[in-house]
Amino acid sequence: MSEKRQQSEDKLLEKVTTTEYKYGFTTNIESDTIPKGLSEDVVRIISAKKNEPEWMLEYRLKAYRAWLEMEEPNWANINYTKPNYQEIIYYSAPKQKPVLDSLDDLDPEMKAMFDKLGISIGEQNKLANVAVDIVMDSVSVATSFKEKLGDLGIIFCPISDAIQDHPELVQKYLGSIVPARDNFFSALNAAVFSDGSFCYIPKGVKCPMELSTYFRINEAGTGQFERTLLIADEGSQVSYLEGCTAPMRDENQLHAAVVELIAMDDANIKYSTVQNWYPGNAEGVGGVFNFVTKRGICYKNAKISWTQVETGSAITWKYPSCILKGDNSIGEFFSVAVTNNMQQNDTGTKMIHLGKNTKSTIIAKGISAGKSEGNYRGLVRISKGATNSRNFSQCDSLLMGDKCGAHTFPYIEVKNNSSKVEHEATTSKIGEDQIFYCNQRGIGTEAAIALIVNGYCKDVLNQLPMEFAVEAQKLLEISLEGSVG
Amino acid sequence: MLKINNLKAGIEDNQILKGINLEIKAGEVHAIMGPNGSGKSTLASVIAGKEEYEVEGGEIDFEGQDLLDLTPEERAHKGVFLSFQYPVEIPGISVSNFIKTSINERRKAAGLESMPAKNLLKMLKEKMELLSIDKGYLSRNMNEGFSGGEKKRNEIFQMAMLEPKLAILDETDSGLDIDALRIVANGVNKLRTKDNATVVITHYQRLLDYIVPDFVHVLYKGRIVKSGGKELALELEQKGYDWITKEADKQWA
Ligand SMILES: Nc1ncnc2c1ncn2[C@@H]1O[C@H](COP(=O)(O)OP(=O)(O)OP(=O)(O)O)[C@@H](O)[C@H]1O
Ligand SMILES: [Mg+2]
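Residues numbered from 1 in each chain as written. Chains lettered and ligands numbered in written order. Predicted model: local features only at pLDDT ≥ 70, side-chain atom pairs only at ≥ 80, totals over all residues. Heavy atoms only, no water.

Student: I'd like to hear about the overall build of chain A, residue by residue, with values.
Tutor: A tally of regular secondary structure across chain A gives twelve helices and 23 strands. Counting the 485 residues in chain A, one finds 63% classified as buried. (Helix = DSSP H or I, 4+ residues; strand = E, 2+ residues; numbered from the N terminus. Buried < 20%, exposed > 50% of the residue type's maximum accessible area, 1.4 Å probe, protein only.)

Here it is in structure tokens:
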């Protein structure tokens with residue numbers, strides 16, 4: 001390598017390490033926080049704080065007891081010091097919980113925070129036609145457009161409200177797709193989750209706007225355990241988006257969420273995530289541990305489409321999945337997962353084909369830069385009864401520099417002869433030739449990388465709702481700033 | 001316009017260009033010929049600023065400024081264009097998007113606003129006509145799955161859109177069929193003005209029948225060993241390089 005090239009690499013490397021996480025501020029909002037540590041009492045306190053009915057407390061306690069007997073999983077290709085679960089605060093809520101629908105009375109500090117995050121809960125979203133629910137630390141602080149949606153019979157509210165107001169729905173579906181015992185983190189979540197979004201779309205209703213939840217960890221030392229439950233009744237349609245950010249802190253913060261989707265006959269759910277939790281600094285100090293269980297079930301002719309753009313978190317462990325139970329149902333997974341610096345990512349999907357003529361598509365694009373490690377882990381299981389089913393998987397990895405890694409772990413099980421599974425995988429590097437070609441056409445190196453990365457991710461970004469595709473594109477650029485090798 | 005003075009460049013310990021001298025004035029067409037591996041593409045890359053090559057000495061004066069002080073994109077902004085011998089694929093980026101980015105980055109560097117979509121479309125249409133390119137082509141991804149000839153035509157299309165001052169065409173003729181060669185060459189000719197200059201690197205007289213050079217240079221082992229008028233190319237076509245290279249080898253021995 002020439003000296004000049006070495007110098008320019010050093011310069012770029014320096015730039016990566018000094019590129020700051022844009023959302024890393026903290027906000028001084030008075031909060032109501034319980035002492036750290038986890039016990040049956042803590043579970044009871046959380047339940048009591050939320051005035052929960054007895055069945056909910058029982059559900060939590062059962063989950064807690066199950067969790068005690070479980071072990072933190074080791075199989076993912078990630079290395080981290082396991083959190084000390086007694087050092088985590090399990091409940092923290094901003095003291096002032098604004099009255100829903102009167103967002104003008106919001107704590108000015110909180111309002112300023114949302115402005116900084118680029119989320120406006122008022123007029124702008126009305127124009128953009130997006131209804132927003134905001135979950136900060138442990139509670140949902142604001143939900144917009146409740147009434148307008150209510151006119152159509154759509155319920156979109158914090159899950160803690162749903163437990164009070166729609167217990168029959170929550171009780172029926174909570175944990176029906178991701179049982180508490182499913183895994184270590186889902187058990188933990190079931191025991192201590194404090195908020196998240198609940199959504200119900202009635203039969204035949206096409207939700208007229210994007211539904212969106214914005215998650216923010218603010219308080220130091222707190223874990224965030226949100227719970228999302230989305231039910232699309234027969235023939236209904238909904239597009240839902242979640243975004244996440246966190247302050248820059250030197251300690252690792254734990255995020256263990258559970259998302260359950262239910263798509264009844266002929267329903268269609270599109271679930272998009274732009275995950276930008278704090279990734280830690282260039283040396284790997286701090287950052288969010290992101291352990292998430294997301295799963296949906298499709299009944300007859302239903303469709304669930306997961307789209308994720310994952311740029312944040314120090315550790316990501318996440319496999320949004322589809323159970324294709326009904327005949328002719330469709331599952332899709334579109335993912336861009338970026339790792340830079342010391343980030344580690346083990347993400348992918350599971351497509352479980354049970355019904356006949358079921359179809360699934362997996363497009364997973366990994367981008368690794370710095371010293372990071374990106375892993376795709378995916379399972380396609382076509383059961384005996386799922387005759388004439390199809391899966392197409394494409395898993396691509398793009399490497400930037402030679403200190404990062406990318407690995408693909410596809411698991412394929414096909415139990416009948418009439419089904420067909422196709423798997424394609426590629427690994428590529430952003431070539432110096434590509435960059436020089438762009439440079440020669442007047443496109444600087446940063447812009448060239450952005451262009452090449454966008455091209456590489458196009459099939460996934462195209463799946464995002466328009467408003468968010470642009471945001472996601474910018475996010476990719478920021479995450480990869482200066483990471484040429 | 002361009003004055004190259006005793007340019008030496010190479011990779012690691014391997015010096016490829018061993019003292020190139022070349023002067024090109026506005027309005028001129030220069031052809032550079034020479035055996036495989038003589039350093040033609042290297043010269044083009046060094047002028048365009050490919051970092052892989054270490055410049056060990058000399059200057060490349062372009063309109064009063066040493067190009068060697070500039071990044072590749074700055075050189076492009078000043079009007080240097082290279083039609084690559086092996087154009088690179090950029091998956092997922094459409095031809096129109098790429099060209100738009102390229103034009104607007106250059107305008108940005110000049111302190112100009114992005115080109116209004118209307119003007120851009122008009123220009124795209126004009127240049128597509130000039131090079132007989134059909135419409136569907138704009139939405140194809142940059143060079144992805146392009147045939148050899150299509151890639152070359154795409155290079156000249158970009159040149160037409162960017163209107164460079166100095167265009168270096170590195171074996172643009174190879175891969176083009178007979179009709180395409182005529183169309184592309186005519187396009188290049190139409191883009192010529194008294195203010196811009198063209199360097200064509202080629203192995204064949206055929207292209208020079210269309211794009212008639214004012215000067216022909218023979219590059220051999222990193223040096224220009226012979227220069228002449230357009231008749232030199234005809235002579236090379238008949239006699240090959242032997243008579244020149246033997247002479248040069250004798251001199252260097
Ligand atoms: N990146 C590189 N790494 C190693 N050697 C190189 C590199 N680029 C060029 N060379 C060497 O330098 C010499 C000149 O190569 P160059 O591509 O400039 O030749 P050329 O005159 O364009 O040949 P052709 O007519 O075949 O296109 C060759 O011997 C080649 O192998
Ligand atoms: Mg060459």
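Student: Can you lay out the coordination of the magnesium ion (ligand 2) for me, pointing to particular residues and giving the numbers?
Tutor: All names here are of chain B. The coordination sphere of the magnesium ion (ligand 2), as far as protein atoms go, consists of S41 (OG) and Q85 (OE1), spread over 2.0 to 2.2 Å. Note that S41 is positioned in helix 1 (residues 40-48) and Q85 in the loop between strand 6 (80-83) and strand 7 (90-94), a separation of 44 residues in sequence. Under the relative-accessibility criterion, S41 is labelled partly exposed at 24%. Residue class for Q85 comes out buried when judged on its relative accessible area of 16%. (Donors = N, O, S within 2.8 Å, 3.2 Å for Na, K, Ca; no water.)

Student: For the environment of I478 of chain A, give the residues involved together with the corresponding values.
Tutor: Relative to the helices and strands, I478 of chain A resides in helix 12 (residues 466-480). Each C-alpha atom, one on I478 of chain A and one on T311 of chain A, is 9.4 Å from the other, the two residues being 167 residues apart in sequence.

Student: With reference to specific residues and values, describe the site of ligand 1.
Tutor: Residues and elements named next belong to chain B. Lining the immediate surroundings of ligand 1 are 15 residues, of which K40, S41, T42, E52 and Y53 lie closest. A distance of 3.2 Å is found between an oxygen atom of ligand 1 and a backbone nitrogen or oxygen belonging to S38. At 3.1 Å from an oxygen atom of ligand 1 is found a side-chain nitrogen or oxygen belonging to Q85. Tallying contributions element by element places helix 1 first for the shell around ligand 1, with three residues. Looking at the shell around ligand 1 residue by residue, the classes come out as four nonpolar, eight polar and three charged. (Near = heavy atom within 4 Å. Polar contact = N/O pair within 3.5 Å; in protein donor to acceptor, adjacent residues only side chain to side chain. Nonpolar A, V, L, I, M, F, W, Y, C, P; charged D, E, K, R; others polar.)

Student: Any details on the packing of aromatic side chains? Residues and values, ideally.
Tutor: Residues and elements named next belong to chain A. Counted under the stated rule, the structure contains 24 aromatic pairs over all chains. With a centroid separation of 5.5 Å and an interplanar angle of 75 degrees, the aromatic rings of W67 and Y85 are classed as edge-to-face. Here Y85 lies in the loop between helix 3 (54-68) and strand 2 (92-94) and W67 lies in helix 3, a separation of 18 residues in the sequence. Taken individually, W67 and Y85 each receive the classification buried, so the pair is uniform in this respect. The rings of Y64, W67, W75, Y80, Y85, F184, F185, F289, F291, W317 and Y319 are connected pair by pair, giving a single aromatic cluster. Seen from the ring of F193, R60 lies directly overhead, with NZ or CZ sitting 4.4 Å from the centre. Over the aromatic face of Y437 sits the side chain of R441, whose NZ or CZ is 4.7 Å from the ring centroid. (Phe/Tyr/Trp six-rings, centres within 6.5 Å; stacked < 30°, edge-to-face > 60°. Lys NZ or Arg CZ within 6 Å of the ring centre and 35° of its normal.)

Student: Which residues make up the packing of helix 10 (residues 432-440) of chain A against helix 11 (residues 445-461) of chain A, and what values go with them?
Tutor: Residues and elements named next belong to chain A. At a minimum axis separation of 9 Å, helix 10 and helix 11 run at an interaxial angle of 120 degrees. Classed by the angle they form, the pair helix 10 and helix 11 counts as oblique. Judged by the sense of rotation from one axis to the other, the crossing of helix 10 with helix 11 is right-handed. On the side of helix 10, the interface is formed by Q434, I435, C438 and N439, while helix 11 contributes T445, A448, I449, L451 and I452. Among the residues making up the contact of helix 10 with helix 11, the classes are represented as six nonpolar, three polar and no charged. (Axes fitted to C-alpha atoms, helices over the stretch in contact; angles between N-to-C directions. Parallel < 35°, antiparallel > 145°, perpendicular 65-115°, else oblique. Left-handed = near helix turned anticlockwise from the far one by under 90°. Contact = heavy atoms within 4.5 Å.)

Student: Run through the sheet that holds strand 5 (residues 65-66) of chain B, naming residues and quoting values.
Tutor: Residue and element names in this part refer to chain B. Here we have four strands laid out as an open sheet, ordered 2-1-4-5, and antiparallel in their pairing. Because the sheet does not close on itself, it has two edges, and the strands there are strand 2 (14-24) and strand 5. Relative to strand 4 (residues 54-62), strand 1 (residues 2-11) runs antiparallel, the two being bridged by seven bridges. Bridged to G10 within strand 4 is E54. Its contacts with the sheet put helix 1 on strand 1, strand 2 and strand 4, and the angle it makes with strand 1 is roughly 110 degrees. (Pairing = 2+ DSSP bridges.)

Student: Kindly report on the sheet that holds strand 9 (residues 166-170) of chain B, identifying the contributing residues and their values.
Tutor: All names here are of chain B. Spatial strand order, 6-9-10-3-11-12: six strands in an open sheet with mixed pairing. The open sheet has two edge strands, strand 6 and strand 12 (223-228), and neither has a second partner. Each adjacent strand pair in this sheet contributes to an overall mean axis angle of 20 degrees, direction not counted. Bridge analysis of strand 9 against strand 10 (residues 197-201) gives five bridges, and the strand direction is parallel. For D170, the partnering residue across the bridge sits in strand 10 and is I201. The strands that helix 5 (residues 148-162) touches are strand 6 and strand 9; relative to strand 6, the one it contacts most, it runs at about 165 degrees.

Student: Which residues make up the packing of helix 5 of chain B against helix 6 (residues 178-191) of chain B, and what values go with them?
Tutor: All names here are of chain B. Relative to each other, helix 5 and helix 6 sit at 15 degrees, their axes nearing to 11 Å. The angle between the axes of helix 5 and helix 6 places the two elements in the roughly parallel class. Relative to helix 6, the crossing made by helix 5 is left-handed. On helix 6, the residues that touch R153, I156, M159 and A160 of helix 5 are A180, I183, V184, V188 and L191. Residue classes in the contact of helix 5 with helix 6 are distributed as eight nonpolar, no polar and one charged.

Student: An account of unusual backbone geometry is requested, with residue identities and associated values reported.
Tutor: As a rule of thumb, non-glycine residues mostly have phi less than zero, and peptide bonds are mostly trans rather than cis. All names here are of chain B. The phi dihedral of E63 falls on the positive side, at around 50 degrees, and the residue is not glycine. Looking at the element boundaries, E63 is found in the loop between strand 4 and strand 5. You can call E63 partly exposed: its relative accessible area is 42%. The phi angle at E171 is positive, at roughly 50 degrees, despite the residue not being glycine. As for its position among the elements, E171 is in the loop between strand 9 and helix 6. You can call E171 buried: its relative accessible area is 9%.

Remember, this is a structural readout, not a statement about activity or role.
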